[in-house]
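# Structure assessment
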Amino acid sequence: MTTAVEIRDLHFQYTDDHRALQGVSLTIAEGENVGLIGPNGAGKSTLLLHLNGILPEGFKGRPSIFIYGIPVVKSNGPRIRRDVGLLFQDPDDQIFCPTVYEDVAFGPLQFGVPEKDVKDLVRRELMEVGLPDFEKRSPHHLSSGEKQRVCLAGILACRPRILALDEPTRGLDPRGKRQLKTWLRSVPSTKIIATHDLELVAEMCERTVVMDEGRIVADGPTLKILSDEDLMLAHGLEKPHILKHSHPHGG
Amino acid sequence: MRHDFLDRYSRIESPIHRLPAALKMGIALGAVLIVVLPPITALYPFLVTAGVLLVVIAVSRIPVGFMVRRILIFEPFIVVVAGLALLQPGGALKFGTIVVKSTLSLLTIVVLSNTTPFTELLNVFRRLHAPPVFLTMMALMCRYVFVLVDELQRMKRARLSRTFDHKKKKARSWRSLSMMIGQLFLRSTERAERIFAAMSARGWKS
């Protein structure tokens, strides 16, 4: 099995001395769907920001992360950022162009895709996320769900091999969540989903990693982790309802 | 929340809206030059420009009331600046010059920005090989000015929801206004950092 992500003893400290990550080690195989859960401030977002070298700023320090065996260092920056697609928490941070077209085209243009191919690519990706003919729309006039999907199209247009999603269901209505799940299932990339939405994890991820205070405190099959009530309560989580009501042999 | 105070009518359908952005920009620039260069005593340039603008407004289907309101918002600034000229000898003529020229120039720009989407104007600048940094800054501004207004509005609502005492209003509201501006500044700085991270994540080379 090919290793997609390898993290070796990762430490990180914010400038205000807050120690966000304290020795995280994690290996993720290609094609795995991993749920990353834990209380607020556990270091989930910080960890995701490390996967493509946004943190530490300027790629400082010894590399602790390897994407398909390639160390995340400055000289590999463009390649790593193409391989790892990052979905940020707030769509308003992520959609920074004045039109939907320009935003989805941003990544491919940065990575050197010729302009004439970009046009087709953007149309295809927008179709893919269910927003055909949205090219000329201004992001400000979209609903939260639509913004979310523009973000996804913008990431997908870069053809990432690994998707790192930070709270992908935040602010979505039930229909939006359902669409997101269908869409996520159709994307073959390796996925790492940091979220408080435990039902999403239960449905989408076969493996779950629990973080607390900058460390990984549990790592295993989703069903086993989510139904371990003591573990969940100890780390500010709880057993999701869908597991409470299912039969023990039914999964 | 939706805002379109900058270019509310820039995406409606009309013969003027269908014209290429570069052409409209060229004409607007020409109109401003025609208004700015000749002395006020040469009446024709002003009458002709005003006439053309009125025709454009009529054809473009922008509501006249909207245009009037838009001009009235800026007119006090023009009048105050022009009013200073009244203090000099022969001030009346200068007053008239400043008011007429500024108002016509302003009207030209308001018509342009309401008949052409901002992104198309940016594209014209791009084709004219404007410096990329300038273009990026303009594009980011166009994207985030509305987000900032939203943020301000949310903060204002949050403040109003917890304002109970209306008697001591004045002094306190100045204080809370300055606090809000400080907050907005902080939030914007943090947002700028997150936007930069998002840009880097999709390959932006700083």
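Described in the following lines is the structure provided in the data block.

### Here we look at the interface of chain B and chain A
Taken residue by residue, the interface counts 26 residues in chain B and 27 residues in chain A. Taken together, both faces of the contact between chain B and chain A bury some 2400 Å²; the carbon and sulfur share is 54%. Among the residues chain B hides against chain A, the three largest losses belong to Arg143, Ala201 and Arg202 of chain B. Together they make up 35% of the total. One salt bridge connects Arg191 of chain B with Asp90 of chain A, and the closest N-O pair in it is separated by 3.4 Å.

### Here we look at the sheet that holds strand S10 (residues 215-221) of chain A
Residues and elements named next belong to chain A. With mixed pairing, six strands are arranged side by side in an open sheet as S6-S7-S8-S3-S9-S10. Each of the sheet's edge strands pairs with one partner strand only, and the pair in question is strand S6 (84-87) and S10. For this sheet, the mean angle separating the axes of adjacent strands, direction not counted, is 15°. Where strand S3 (residues 33-37) meets strand S9 (residues 207-212), four bridges bridge the pair, whose relative direction is parallel. What sits directly across from Gly35, in S9, is Thr208. Packed on one face of the sheet, helix H1 (residues 44-51) meets S3, S6, strand S7 (162-166), strand S8 (190-194) and S9 and runs near 150° to S7. Strands S6 and S7 of the sheet are contacted by helix H6 (residues 144-156), whose axis makes an angle of about 165° with S6.

### Re the layout of surface pockets
In this structure, the largest pocket spans a volume of roughly 1400 Å³. In terms of lining residues, the largest pocket is bounded by 49 residues, among which Leu49, Ile54 and Leu55 of chain A together with Glu193 and Ala197 of chain B are the most central. Going through the elements one at a time, strand S1 (3-13), H1, helix H2 (77-83) and S6 of chain A together with helix H8 (169-201) of chain B are the ones with two or more residues in the lining of the largest pocket. In terms of residue count, the dominant contributor to the lining of the largest pocket is H8 of chain B (six residues). By residue class, the composition of the lining of the largest pocket is 19 nonpolar, 17 polar and 13 charged. Within this model, the second largest pocket holds a volume of roughly 1200 Å³. Lining the second largest pocket are 35 residues, and of these Thr99, Tyr101 and Glu102 of chain A together with Asn123 and Arg126 of chain B lie nearest its centre. Of all the secondary structure elements, the ones that give two or more residues to the lining of the second largest pocket are helix H4 (100-110) and helix H5 (115-128) of chain A together with helix H1 (15-18), helix H6 (118-127) and helix H7 (132-161) of chain B. Across the lining of the second largest pocket, the residue classes tally to 18 nonpolar, seven polar and ten charged.

### Topic: a nonpolar patch on the surface
Residues and elements named next belong to chain B. Together, Leu43, Tyr44, Leu47, Val48 and Val52 give the surface a local cluster of nonpolar side chains, amounting to about 560 Å² of exposed area. Topologically, Val52 is positioned in helix H3 (residues 43-60). By relative accessible area, Val52 is classed as partly exposed at 45%.

### Digging into the environment of Thr99 of chain A
Relative to the helices and strands, Thr99 of chain A is located in the loop between helix H3 (91-94) and H4. Among the residues examined, Thr99 of chain A registers a relative accessible area of 7% and is labelled buried. Sequence separation between Thr99 of chain A and Leu226 of chain A is 127 residues, and the spatial gap between their C-alpha atoms is 41 Å. Non-local contacts of Thr99 of chain A, meaning those with residues more than four positions away in its chain, are made with Glu135, Lys136, Arg137 and Pro139 of chain A together with Thr119 of chain B. Among the polar contacts made by the side chain of Thr99 of chain A, one reaches the side chain of Glu102 of chain A at a distance of 2.8 Å.

### A short note on the pairing of strand S2 (residues 19-29) of chain A
Relative to S2 of chain A, S1 of chain A is paired through eight bridges, and the arrangement is antiparallel. Directly across from Phe12 of chain A, in S2 of chain A, lies its bridge partner Leu21 of chain A.

### As for the pattern of salt bridges
Counted by the stated rule, this structure contains 19 salt bridges over all chains. Between Lys116 of chain A and Asp117 of chain A there is a salt bridge whose closest N-O contact spans 3.9 Å. For Lys116 of chain A, a relative accessible area of 65% puts it in the exposed group. One connected set of salt bridges, linked through shared partners, spans Asp90 and Asp93 of chain A together with Glu151, Arg187, Arg191 and Arg194 of chain B.

### Details of the environment of Phe59 of chain A
All names here are of chain A. For Phe59, the location among the structural elements is in the loop between H1 and strand S4 (65-67). According to the relative accessible area criterion, Phe59 is buried, its value standing at 17%. For the pair formed by Phe59 and Asp90, sequence separation is 31 residues and the distance between their alpha carbons is 24 Å. Sequence-distant contacts of Phe59, that is, excluding residues within four places in its chain, are made with Gly53, Val72, Val73, Lys74, Gly77 and Arg81.

Rules and cut-offs
Residues numbered from 1 in each chain as written. Chains lettered and ligands numbered in written order. Predicted model: local features only at pLDDT ≥ 70, side-chain atom pairs only at ≥ 80, totals over all residues. Heavy atoms only, no water. Contact = heavy atoms within 4.5 Å. Buried area = accessible area lost by both parts, 1.4 Å probe. Salt bridge = Lys/Arg side-chain N within 4 Å of Asp/Glu carboxyl O. Pairing = 2+ DSSP bridges. Helix = DSSP H or I, 4+ residues; strand = E, 2+ residues; numbered from the N terminus. Axes fitted to C-alpha atoms, helices over the stretch in contact; angles between N-to-C directions. 1 Å grid on protein atoms, 1.4 Å probe; cavity = no way out; pocket = protein on both sides within 12 Å on 5 of 7 lines; lining within 4 Å. Points joined across faces, edges and corners; volume = space filled by probe spheres on them. Nonpolar A, V, L, I, M, F, W, Y, C, P; charged D, E, K, R; others polar. Patch = residues over 30% accessible without salt bridge, like charges linked within 9 Å, V, L, I, M, F, W, Y side chains within 5 Å. Areas by Shrake-Rupley, 256 points an atom, 1.4 Å probe, with all protein chains shown as cover. Buried < 20%, exposed > 50% of the residue type's maximum accessible area, 1.4 Å probe, protein only. Polar contact = N/O pair within 3.5 Å; in protein donor to acceptor, adjacent residues only side chain to side chain.

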